[in-house]
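Structural description and commentary
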Amino acid sequence: MIALVTGASSGIGRDIARSLAKHGINVIITARRRDRLIELKNELMNEYGVKVMCIAADLSKEAHAFKLYDAVKKYNIDILINNAGFGVFGKFAETDLERELQMLDVNVKAFHILFKLFLRDFKKRGCGYILNTASIAGFMPGPYFSSYYASKAYIVRMTQAVAEELRKERSGVNISMLCPGPVATEFSETARVKFRSKPSNSEKLAEHAVREMFAGKLFITDSWLTSSLRVLAKIFPDCFAAAMAGCFQSKRERF
Ligand SMILES: NC(=O)c1ccc[n+]([C@@H]2O[C@H](COP(=O)([O-])OP(=O)(O)OC[C@H]3O[C@@H](n4cnc5c(N)ncnc54)[C@H](OP(=O)(O)O)[C@@H]3O)[C@@H](O)[C@H]2O)c1
């Protein structure tokens, strides 16, 4: 089997690539930081004896997402880990527009392009796994992190809708979404905000995500607390969920 992992230069993507390699799966790893990818490539080849290919790509550029797909399609990818993403923290009127647009290009546009192109290939073959990294943020409005939460809601709704299409077709293609709460990665540094609660361990989360993906689970999360938040977000009106999330986010400190 061979997997493509986006956002593999750090955090959740890097740990998912490690977990896949541990299962004997060859991986193509991509992100912007080539040096990090090469470091990971050497680690995975030495530790697990799998084949690893690095492709440096900036997914905030639409052309790079298409080029990435063109470069890997000949390998008949079996697993897509659609994971690259980042957040922009702050009041919506005050956050940097350019950075937010870049975030939407990565979290929404590149996610969408890769999801569609690989899904088409997988459907033709009647098999394959897609794991989209969303977030618990995708289930509620998120004051002070508004466009990040909204970008993750896009991933949640797309994954749920496409999963239903596949279910109706009795497709052999499996899709899952990873929806954790805070995880200890470079995410908070990039978003320039500190976590208030103790973040989950990225390695454990990645192991769990890979197991659940192979088990065909649609919704994958990191803890019972995060699962409960999702249930609460369904029960309570959106204005209540927005007030709760706003209260949580407004107390976070900036870097
Ligand atoms: N950590 C959390 O608390 C948390 C919680 C829920 C969901 N998530 C989601 O998990 C995913 C992974 O984030 P993480 O927590 O592992 O954070 P991270 O350590 O900062 O990793 C983010 C990854 O995305 C890549 N990336 C960012 N911008 C990119 C671009 N323009 N082009 C290509 N790759 C890009 C980064 O690589 P380069 O910088 O090398 O390009 C890096 O490999 C994200 O989608 C995030 O929204 C995170």
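Residues numbered from 1 in each chain as written. Predicted model: local features only at pLDDT ≥ 70, side-chain atom pairs only at ≥ 80, totals over all residues. Heavy atoms only, no water.

Lining the immediate surroundings of the ligand are 32 residues, of which Ser9, Ser10, Arg32, Tyr148 and Thr185 lie closest. The separation between an oxygen atom of the ligand and a polar side-chain atom of Ser10 is 2.6 Å. Here Glu186 contributes a backbone N or O atom positioned 3.1 Å from an oxygen atom of the ligand. Here the ligand has 870 Å² of accessible area as a free molecule, and 96% of this is covered by the chains. Elements with a minimum of two residues in the shell around the ligand: helix H1 (11-22), helix H5 (146-168) and helix H6 (187-191). Taken together, the residues of the shell around the ligand sort by class into 15 nonpolar, 12 polar and 5 charged. (Near = heavy atom within 4 Å. Polar contact = N/O pair within 3.5 Å; in protein donor to acceptor, adjacent residues only side chain to side chain. Areas by Shrake-Rupley, 256 points an atom, 1.4 Å probe, with all protein chains shown as cover. Helix = DSSP H or I, 4+ residues; strand = E, 2+ residues; numbered from the N terminus. Nonpolar A, V, L, I, M, F, W, Y, C, P; charged D, E, K, R; others polar.)

Taking every second residue as pointing to the same face, both faces of strand E4 (residues 79-82) are buried, with Ile79 and Ile81 on one and Leu80 and Asn82 on the other. As judged from the 3 bridges shared by strand E1 (residues 2-6) and E4, these two strands associate in the parallel manner. Paired with Leu4 across the strands is Leu80, a residue of E4. With 4 bridges connecting them, E4 and strand E5 (residues 128-133) associate as parallel partners. Bridged to Ile79 within E5 is Tyr129. Each parallel crossover has a hand, and for E4 linked through helix H4 (residues 97-125) to E5 it is right-handed. (Buried < 20%, exposed > 50% of the residue type's maximum accessible area, 1.4 Å probe, protein only. Pairing = 2+ DSSP bridges. Right-handed = clockwise from strand over helix to strand, strands pointing away.)

For the coordinates displayed, the defined rule picks out 12 aromatic pairs. Note on Phe89 and Phe145: the rings are 5.2 Å apart at their centroids and 85° apart in plane angle, and the pair reads as edge-to-face. With Phe89 in the loop between E4 and H4 and Phe145 in the loop between E5 and H5, this pair connects stretches of sequence that are 56 residues apart. Phe145 gets classed as buried once you look at its relative accessible area, which sits at 2%. Centre to centre, the rings of Phe236 and Phe240 are 4.6 Å apart; their planes meet at 35°, and the pair counts as tilted. (Phe/Tyr/Trp six-rings, centres within 6.5 Å; stacked < 30°, edge-to-face > 60°.)

It is worth spelling out the pattern of salt bridges at this point. The final tally for this structure, using the stated rule, is 12 salt bridges. The shortest N-O distance in the salt bridge between Asp70 and Lys73 comes to 3.5 Å. According to the relative accessible area criterion, Asp70 is partly exposed, its value standing at 44%. By relative accessible area, Lys73 is classed as partly exposed at 41%. (Salt bridge = Lys/Arg side-chain N within 4 Å of Asp/Glu carboxyl O.)

With that settled, the discussion passes to empty space enclosed by the protein. Under the counting rule described, the total for this entry stands at 1 cavity of 30 Å³ or more. Its boundaries defined by the atoms lining it, the largest cavity holds a volume of some 50 Å³. Along the walls of the largest cavity sit Thr6, Leu59, Asn82, Asn83, Ala84, Val106, Ala110, Phe111, Leu114, Thr133, Lys152 and Ile155, which together make up its complete lining. Those elements giving two or more residues to the lining of the largest cavity turn out to be H4 and H5. When residues in the lining of the largest cavity are grouped by element, the largest group, 4 residues, is from H4. (1 Å grid on protein atoms, 1.4 Å probe; cavity = no way out; pocket = protein on both sides within 12 Å on 5 of 7 lines; lining within 4 Å. Points joined across faces, edges and corners; volume = space filled by probe spheres on them.)

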